[in-house]
Amino acid sequence: MNSAQLRKIFLEFFEKKGHKIVPSSSLIPSDPSVLFTTAGMQQFKPYFLGEKSPYGNRAVSVQKCLRTSDIDEVGDESHLTFFEMLGNFSFGVSAEALSRNAKDEAGYFKKEAIEMAIEFLTKKCKLSKKKLWFTFFSGQAGLPADADSKNLLLESGIAPERILSFNKETNWWGPTGNEGPCGPTVEIHFDLLGKPCDSGEKCLPNCRCGRFIEIWNLVFNEYYQNQAGELSALEQKGVDTGMGLERLAAACQKKNSVFETDLFAPIMKIVNKGDNPEKQRVIADHIRSAVFLISEDIMPLNVERGYVLRRLLRKIFTNIEILGLEQKKIYELVKAVIENYQDVYPELGRNEEGIITVVQQESEKFERAKEAGRKIYDKIKQSAPEGRITGANAFDLYSTHSIPLEITEEWVRRDNMEIKERDDFFKLQKQHQEISRAGAEKKFGGLGQEAISPEAIKLHTATHLLHASLRKVLGDSVKQMGSDITPQRLRFDFSFDRKLSDEELRKIEETVNEKIRENLFVKKEERPLKEALESGALAFFKEKYPDIVSVYSIGEFSKEICAGPHSESTGALGNFKIIKQESVGSGIRRIKAALH
Ligand code: SER
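Cut-offs and rules
Residues numbered from 1 in each chain as written. Predicted model: local features only at pLDDT ≥ 70, side-chain atom pairs only at ≥ 80, totals over all residues. Heavy atoms only, no water. Near = heavy atom within 4 Å. Polar contact = N/O pair within 3.5 Å; in protein donor to acceptor, adjacent residues only side chain to side chain. Areas by Shrake-Rupley, 256 points an atom, 1.4 Å probe, with all protein chains shown as cover. Helix = DSSP H or I, 4+ residues; strand = E, 2+ residues; numbered from the N terminus. Nonpolar A, V, L, I, M, F, W, Y, C, P; charged D, E, K, R; others polar. Pairing = 2+ DSSP bridges. Axes fitted to C-alpha atoms, helices over the stretch in contact; angles between N-to-C directions. Contact = heavy atoms within 4.5 Å. Expected span 1.5 Å × (residues − 1). Salt bridge = Lys/Arg side-chain N within 4 Å of Asp/Glu carboxyl O. Phe/Tyr/Trp six-rings, centres within 6.5 Å; stacked < 30°, edge-to-face > 60°. Lys NZ or Arg CZ within 6 Å of the ring centre and 35° of its normal. Buried < 20%, exposed > 50% of the residue type's maximum accessible area, 1.4 Å probe, protein only. Left-handed = near helix turned anticlockwise from the far one by under 90°.

**Q** Honestly, the site of the ligand in this entry has me stumped. Any pointers?
**A** What surrounds the ligand is the set A39, M41, R67, M85, W173, N217, V219, D240, T241 and G242. Interatomic distance of 2.8 Å between a side-chain N/O atom of R67 and an oxygen atom of the ligand. The contact in question runs from an oxygen atom of the ligand to an N or O atom on the side chain of W173, over 3.4 Å. Protein chains shield 96% of the accessible area of the ligand, which is 230 Å² for the free molecule. At the level of elements, β8 (212-225) and β9 (231-244) are the ones that each hand at least two residues to the shell around the ligand. The element best represented in the shell around the ligand is β9, accounting for three residues. In terms of residue class, the shell around the ligand is made up of five nonpolar, three polar and two charged.

**Q** I'm lost on the sheet that holds strand β14 (residues 558-561) in this one. Help?
**A** In any sheet, the strands associate via hydrogen bonds between backbone groups, in a parallel or an antiparallel arrangement. Across the sheet, which stays open at both edges, the three strands sit in the order β12-β13-β14 with antiparallel pairing between neighbours. If you trace the sheet from one side to the other, it starts and ends with β12 (522-528) and β14, each paired once. Strand-to-strand twist of the sheet, defined as the mean angle between neighbouring strand axes without regard to direction, takes the value 25°. Bridge count between β12 and strand β13 (residues 548-554): seven bridges; the pairing is antiparallel. The partner of V522 across the bridge, within β13, is I554.

**Q** How should I be thinking about the side chain of R247 in this particular structure?
**A** Here R247 is to be found in helix α6 (residues 245-252). Side-chain polar atoms of R247 contact the backbone oxygen of E214, separated by 3.0 Å. What R247 contacts, discounting residues up to four positions off in sequence, is S78, H79, I213, E214, I215 and V258.

**Q** What exactly am I supposed to notice about helix α1 (residues 3-16) here?
**A** Each α-helix winds once per 3.6 residues, and so residues spaced three or four apart point in a common direction. Taking 1.5 Å of rise per residue, 14 residues should cover 20 Å, and α1 covers 20 Å from first to last C-alpha, within 8% of that figure. Between the side-chain oxygen at the start of α1 and the backbone nitrogen of A4 there is a gap of 3.1 Å, and the oxygen is on N2. Of the residues trailing α1, G18 is marked for its positive phi of about 85°.

**Q** Would you explain the pattern of salt bridges in this entry?
**A** In a structure, side chains of opposite charge can pair up when their charged atoms sit close to one another. One pass over the structure, following the stated rule, counts 40 salt bridges. In this structure, E410 engages R413 in a salt bridge whose closest nitrogen and oxygen atoms are separated by 2.7 Å. Highlighted residues: E410 and R413, both in helix α14 (residues 405-414), separated by three residues, approximately one helical turn. The shortest N-O distance in the salt bridge between R414 and E410 comes to 3.2 Å.

**Q** Help me out: how do you make sense of the packing of aromatic side chains in this one?
**A** Each aromatic ring pair is described using two quantities: the centre-to-centre distance and the angle formed by the ring planes. For the structure on display, the rule yields 32 aromatic pairs. With centroids separated by 5.6 Å and ring planes inclined at 65°, the aromatic side chains of Y47 and F91 adopt a geometry described as edge-to-face. Here F91 lies in the loop between β3 (82-90) and α3 (95-99) and Y47 lies in helix α2 (residues 45-48), a separation of 44 residues in the sequence. Here the aromatic cluster, defined as three or more aromatic residues joined through ring pairs, consists of F44, Y47, F48, Y55, F89 and F91. Its end group placed over the ring of W172, K168 keeps NZ or CZ at 5.0 Å from the ring centre. For R374, the ring lying beneath its charged end belongs to W411, and the centroid distance is 5.1 Å.

**Q** What is the right way to read the environment of G373 from this model?
**A** Positionally, G373 belongs in helix α12 (residues 352-383). Note on G373: relative accessible area 0%, which makes it buried. G373 sits 110 residues away from S483 along the chain, and the two C-alpha atoms are 36 Å apart. Look past the residues within four positions of G373 in its chain and what remains in contact with it is L397, H401, I403 and W411.

**Q** Is there a simple way to think about the packing of helix α8 (residues 277-295) against α12 in this case?
**A** The relative placement of two packed helices comes down to the angle between their axes together with the axis-to-axis distance. Packing of α8 against α12 leaves a shortest axis separation of 9 Å and a crossing angle of 115°. Note on packing geometry: the crossing formed by α8 with α12 is right-handed. Contact residues: α8 offers V291, I294 and S295, while α12 offers I355, V358 and V359. Classifying every residue of the contact of α8 with α12 by side-chain character gives five nonpolar, one polar and no charged.

**Q** Explain the pairing of β8 here, please?
**A** The side chains of a regular strand alternate between the sheet's two faces. Most of β8 is tucked away, with 12 of its 14 residues classed as buried. As judged from the 10 bridges shared by strand β7 (residues 180-191) and β8, these two strands associate in the antiparallel manner. What sits directly across from C182, in β8, is Y223. As defined by bridge partners, β8 adjoins β9 across nine bridges and the pair is classed as antiparallel. Bridging across to β9, Y224 finds its partner in S232. Between β8 and β9, which pair antiparallel one after the other, the connecting turn spans five residues, and G229 there sits at a positive phi close to 85°.

Below, the structure is given as structure tokens:
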């Protein structure tokens, strides 16, 4: 069965069982606490929490999803960044539908969810029941084991030896973002190879040998997790299921990996060169993500979603080079993705030219970065003993010219050499990440990067605009003394020895708003500290900076040493409003402001 048929029979099967077919939502979620849509349930989150669903109590969808959490696993048989999730959902049992005896419209819970899943896989997809393995939640940390699910599986005729239990790390799902519904899961695994690996009896679902592929996750939303991580029982229990279309296709098409299915065949044909299947797979996976992201108007940048896109594209360029393919192959790849998906996702076909242009511009930028990096590489070679390149050199190339380690390695390999002290690259990279994170935590009053909300990010960029505007209106004696950001407001302390007049405040506010209206790009560069300071970048004297720092420039207007993160451009900030000014000790003023 091809993947177009699989999408169709899935939707039809659940539609017949009273589910409303809901189109895929965007890859850019409305929930501001997550970067991408990572699951089908995301667009339905409010309905799990009691808000009335416009679709009734049952919905079914095929959702485009993007996950960066598995990015390092891409290259094996089953992990992907972009994938399509087939999902059926129940938002709780409606008393009204039950009273009319309209059972199909009412929601459902574990029994129906498990029975329908088994029926779909065995009757519609014709998968052998004997190849299906099931896992359920074993109970942990004060939470009971999901004995109901185990019994329901047994009642459905699943052999006890193919029902296993796992802990919270494996058989629990959610919430997405900072808070939301969550609960125990039943996961369905398909036995692709039919025999154990070398670990013998221990080769069971979740073994990493490639024998099993997890195809379907049935989540029973019984709990609500708040921002502090505390659980409370949900009044209305819901079902959220997610099945990877690519993985189901591998099982139904009797393939050993998702990359052999019809969803990837036209893409793999283009990169099928040499004996490096891992790199071929990374290209095949990343090109789908990149094309879908660009079709949703994401541009390659150094922050947020744009940064993910930039990483994906640069990884593709790098792997194309390592495989010895021509760079222009990427355009064939883009076209193959569009061709393969435009019937289901017309936004791809509509934007073909635009997508190619974005890829082309990024490819040119990367080529320029490589040229600059190559010059430095040649210089290091000339000046170093026996032309040796070290891990530290490779890190310099990476942090100042964005040259990935793989490219430096490729250059070194072509020079018939090896990178010396290669591990230093990773040590320096880790140090660098820790320093950036510590910097960000300090600036954000102890919030970790992951917890920074989009509102806080915008306010952070607004803080830089405010800083520059203060200096423009009041003079260069203004220096940052402190900064604090919550999702609701920014607070900025600076050196100045008198109260600001209303006219000055108005001018400062107007200058910030002018810069927002100009929609200036926020550019990030990595620079040695000394060079950054010499170039006039503002620094915060209380901060202890590392040797290599990030410099954020907003057009020509502002330049500061800062750990980020920031908005991609100022246009998204909205309207800037000063809420109040205060004095905090002698010679220090405080401004509180917000964005609307
Ligand atoms: N939300 C669950 C998942 O993403 C099931 O849809 O796995």
